[in-house]
Amino acid sequence: MVLQGPLLSIHVLCIIFAASNYKKMVSVDGLTVEFSGTTLFKDISFVINDKDRIALMGKNGAGKSTMLKILAGVKTPNRGKVTVTDGGKIGYLPQHLMVENGRTVFEEACLAFEHLFEIEREIESINNELTVRTDYDSDEYMGLIEKVTALSEKFYRIDLTNYQEDVERTLMGLGFMRSDLQRQTSEFSGGWRMRIELAKILLQKPTLLLLDEPTNHLDIESIEWLEDFIINSANSVMVISHDKAFVDHITTRTIEITMGKIYDYKVNYSKYLELRAERRQQQQAAYDNQQKMIAETKEFIERFKGTYSKTNQVQSRVRMLEKLEILEVDPEDRSALNLRFPPAPRSGSYPVVTNGLGKAYGNHQVFNNASITIERGDKVAFVGKNGEGKSTMVKAIMGQIDFTGELALGHNLKIGYFAQNEASLLDEEKTVFKTVDDVAVGDIRTKLRDILGAFMFGKDDSEKMVKVLSGGERTRLAMIKLLLEPVNMLILDEPTNFVDNTFEKEFYALIKQLHERMAVMIVSHDIGTITSLVKSIICVNRHVHRHDSNILTEEQLRGYDCPIQILSHGDIPHTILEHHAGDGCKHH
């Protein structure tokens, strides 16, 4: 039975059944999904048991998110079925959520128990009706008695005595301060609102938890809290994540989707990588041996096809080749990004200079006294906990919000901006090729097929409609659009949130190789990757601190600890701002 009402509208799906203690939680039998003439996967079967912690792996577009949607019941396969055993409850956190305003953080999180509150209200309504009815012997009266008994058994099995404390503890575990709980959800960024939805799912204590990229909007402390919850408190979990450390810590089983089938390993992610490499070596050896046999057989047929004494042998070999099933080797992505950017005009010496920059929403000070200088060719990372002002500062630079203090943009500055929601802004009714062809100008249009290939879009993929792409594929396509523009500065706000590990490495390698005169600002929580990519780390924690990326320890970075003094107005010479008028600066 699928619940209706508020839980459905926020994409948190709960499937409730009668209590049971079966070890087998979910059975997947003969699952097949096809669209636009393409088979995503075929005849897939597996079982999810109690306490399984599963990493669902595969390259972007393999069908990982589709699999979670099918398990959650929000998408229907072409063939096959998913069976949830009695007592099963499924909680699903998708990559993208539709959110509503009008509640405080605490009120929104309490919606996790809305289905129980509805049962309580129904029990009260039936009891009120029973007190005024006198037809004690009627079928209708007995029906009400049976219904209220069943509802009461379901309701009182769950202890709601301390639910408010549970809500508060879960929200604070995910990084909220106690003072945040009475703030309106509309005051929070998309990342923080995703945390609220995650809290609601965890509070429901599902027997199977489905998480699609849950760490994309979490800081280190919240990721560690979630790891502890999954390991010590959750029942069964299936997770999609490109955060290798997170996956390695929490999972004990890995299911890989590739070429329309699955491989199921009862090991964590690191061991899976070793076993996958061994599997591909064995596949390659078997494929090579088969190809050698085919070549020898064809040579025999060609050599003796006109020899009467060999007629039966030749015909036998011909029939054998006709029936032979050609072995396949699971693809291993060896592509590398190699993209020459469109030429852009030279920017001024200082693309971005701020002096005492600040931003507040009402009484809530997001950050203040931010005085930084970005020079031409700088590669800079913004790190900090969610809500401390990283994306807000970027929006100020892009002129999307008002602010206090001074901000100057350099002469001839052409910014390429990749927002967190960039992938969701693509036109779903266009094909992949049409999307990039519409923005490409000049000679680079002759290289579009090569560029698409470098971003892992083959010939067939380039004709797909955007609406059928996975989250990772949409992100890659949005990146192509961005990089086709003639810019001399890139501002990237969590650019690799939904791409797989292979592409993430290739993309950051590409950024590292950018022309020395192009400035790059990256907002990222992937600290391990960006430290080798940038020259400077800017820590944002209500104030702004800038450091050489080589002098901070990993412990300091992971805790966003900034051991150097806060930059003040005096740390950035006023002459930079005053004389930028001669450099053609735009003042905001």
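Predicted model only: the values in this text are computed from it and were never measured.

Draft legend 1. Geometry of the overall build of the protein chain. Tallying secondary structure elements over the protein chain gives 20 helices and 20 strands in all. In the protein chain, buried positions account for 51% of the 588 residues. Put simply, of all contacts in the protein chain between residues at least 6 apart along the chain, 70% involve residues at least 24 apart. Working note: accessible area of the protein chain is about 28,400 Å², and carbon and sulfur atoms make up 48% of it.

Draft legend 2. The nonpolar core, seen in detail. With 53 residues, the main nonpolar core has Phe-113, Val-167, Leu-171, Phe-176, Leu-198, Leu-211 and Phe-246 as its most contacted residues. The biggest single contributor to this core is helix α7 (residues 190-203), with 8 residues. The next biggest cluster of nonpolar side chains, apart from the first, holds 38 residues, and it includes Ala-381, Phe-457, Met-479 and Ile-537.

Draft legend 3. Representation of unusual backbone geometry in the model. The residue Asn-369 is not glycine, and still its phi comes out positive at about 55°. Taking the relative accessible area as the measure of exposure, Asn-369 reaches 24% and is therefore partly exposed. Look at Asn-412: it is not a glycine, yet its phi comes out positive at around 60°.

Draft legend 4. Region of interest: the pattern of salt bridges. Here the structure, examined in full by the defined rule, presents 27 salt bridges. Residue Glu-274 pairs with Lys-271 through a salt bridge whose shortest N-O separation is 3.3 Å. One end of the pair is Glu-274 and the other is Lys-271, both in helix α10 (residues 269-304) and 3 residues apart, which spans about a single turn. Note that Lys-464 and Asp-461 form a salt bridge whose closest N and O atoms lie 3.3 Å from each other. A relative accessible area of 19% places Lys-464 in the buried class. Here Asp-461 falls in the partly exposed class, since its relative accessible area comes to 22%. Overlapping salt bridges, with partners in common, bring together Asp-52, Arg-253, Asp-264 and Lys-266 in one network.

Draft legend 5. Focus on the sheet that holds strand β2 (residues 38-49). The strand order across the open sheet built from 3 strands is β2-β1-β4, with neighbouring strands paired in antiparallel fashion. The sheet is open, and its two edges are formed by β2 and β4 (79-84), each paired on a single side. Ignoring which end each strand starts from, the neighbouring axes of this sheet average 10° apart. Relative to β4, strand β1 (residues 24-35) runs antiparallel, the two sharing 5 bridges. Residue pairing in the sheet places Asp-29 in a bridge with Lys-81 of β4.

Draft legend 6. Quick look at the packing of helix α4 (residues 114-132) against helix α5 (residues 139-156). In the contact formed by α4 and α5, the axes pass within 10 Å of each other and the chain directions differ by 150°. The angle between α4 and α5 falls in the class roughly antiparallel. Note on packing geometry: the crossing formed by α4 with α5 is left-handed. On α5, the residues touching Leu-116, Ile-119, Glu-120, Glu-122, Ile-123, Ile-126, Asn-127, Glu-129 and Leu-130 of α4 are Tyr-141, Leu-144, Ile-145, Lys-147, Val-148, Leu-151, Ser-152, Lys-154 and Phe-155. Broken down by class, the residue content of the contact of α4 with α5 amounts to 11 nonpolar, 2 polar and 5 charged.

Draft legend 7. The arrangement of the packing of aromatic side chains in detail. A complete count under the given rule lists 9 aromatic pairs for this structure. Taken together, a centroid distance of 6.4 Å and an interplanar angle of 55° make the contact between Phe-188 and Trp-192 tilted. On the basis of relative accessibility, which here comes to 7%, the residue Trp-192 falls in the buried class. Ring centres of Phe-300 and Phe-304 lie 4.8 Å apart, and the angle between their planes is 50°; on these two criteria the pair is classed as tilted. Taken together, the positions of Phe-300 and Phe-304, both in helix α10 and 4 residues apart, correspond to about one turn of that helix. Residue Phe-304 is classed as buried on the basis of its relative accessible area, which comes to 17%. Site record: aromatic cluster; members linked through ring pairs are Phe-176, Phe-188 and Trp-192. Arg-195 extends its terminal NZ or CZ atom over the ring of Trp-192, reaching a point 3.9 Å from the ring centre. For the cation-ring pair, Arg-449 lies above Phe-433, with the distance from its terminal atom to the ring centre recorded as 4.1 Å.

Draft legend 8. The packing of α10 against helix α11 (residues 311-323), seen in detail. Packing of α10 against α11 brings their axes to within 9 Å, and their N-to-C directions diverge by 145°. Read as a crossing pair, α10 and α11 show a hand that is left-handed. Note on element contacts: α11 touches α10 through Gln-313, Val-314, Arg-317, Val-318, Met-320 and Leu-321, opposite Met-293, Ile-294, Thr-297, Lys-298, Phe-300, Ile-301 and Phe-304. Residues belonging to the contact of α10 with α11 are distributed by class as follows: 9 nonpolar, 2 polar and 2 charged.

Draft legend 9. How the structure looks around the side chain of Glu-256. If you trace the backbone, Glu-256 turns up in strand β8 (residues 253-258). Polar contacts involving the side chain of Glu-256 include one to the side chain of Tyr-272, which spans 3.4 Å.

Draft legend 10. Region of the structure containing helix α6 (residues 163-173). Where α6 is concerned, the buried positions are Tyr-163, Val-167, Thr-170, Leu-171 and Gly-173. Projected down its long axis, α6 shows its buried positions confined to an angular sector of 160°, all on one face. In the stretch just after α6, Gly-175 is the one whose phi turns positive, near 110°.

Draft legend 11. Here's a closer look at helix α2 (residues 64-72). Taking burial as the measure, the 9 residues of α2 include 8 buried ones, the bulk of the element. At the C-terminal side of α2, Gly-73 shows a positive phi close to 85°.

Draft legend 12. The sheet that holds strand β9 (residues 261-265), seen in detail. One open sheet accounts for 6 strands, arranged β5-β6-β7-β3-β8-β9; its pairing is mixed. Both outer strands of the open sheet, β5 (90-93) and β9, are each paired with one neighbouring strand and no more. The sheet shows a mean angle of 15° between the axes of neighbouring strands, direction not considered. Examined bridge by bridge, strand β3 (residues 53-57) and β8 share 4 bridges and lie parallel to one another. Note that in β8 the partner of Ile-54 across the bridge is Arg-253. Strands β5 and β6 (208-212) of the sheet are contacted by α7, whose axis makes an angle of about 170° with β5. Where α10 meets the sheet, it contacts β3, β8 and β9, and its direction lies at approximately 40° from that of β8.

Rules and cut-offs
- Residues numbered from 1 in each chain as written.
- Predicted model: local features only at pLDDT ≥ 70, side-chain atom pairs only at ≥ 80, totals over all residues.
- Heavy atoms only, no water.
- Helix = DSSP H or I, 4+ residues; strand = E, 2+ residues; numbered from the N terminus.
- Buried < 20%, exposed > 50% of the residue type's maximum accessible area, 1.4 Å probe, protein only.
- Contact = heavy atoms within 4.5 Å.
- Areas by Shrake-Rupley, 256 points an atom, 1.4 Å probe, with all protein chains shown as cover.
- Core = buried A, V, L, I, M, F, W, Y, C linked by side-chain atoms within 4.5 Å.
- Salt bridge = Lys/Arg side-chain N within 4 Å of Asp/Glu carboxyl O.
- Pairing = 2+ DSSP bridges.
- Axes fitted to C-alpha atoms, helices over the stretch in contact; angles between N-to-C directions.
- Parallel < 35°, antiparallel > 145°, perpendicular 65-115°, else oblique.
- Left-handed = near helix turned anticlockwise from the far one by under 90°.
- Nonpolar A, V, L, I, M, F, W, Y, C, P; charged D, E, K, R; others polar.
- Phe/Tyr/Trp six-rings, centres within 6.5 Å; stacked < 30°, edge-to-face > 60°.
- Lys NZ or Arg CZ within 6 Å of the ring centre and 35° of its normal.
- Polar contact = N/O pair within 3.5 Å; in protein donor to acceptor, adjacent residues only side chain to side chain.
- Arc of directions from axis to C-beta.

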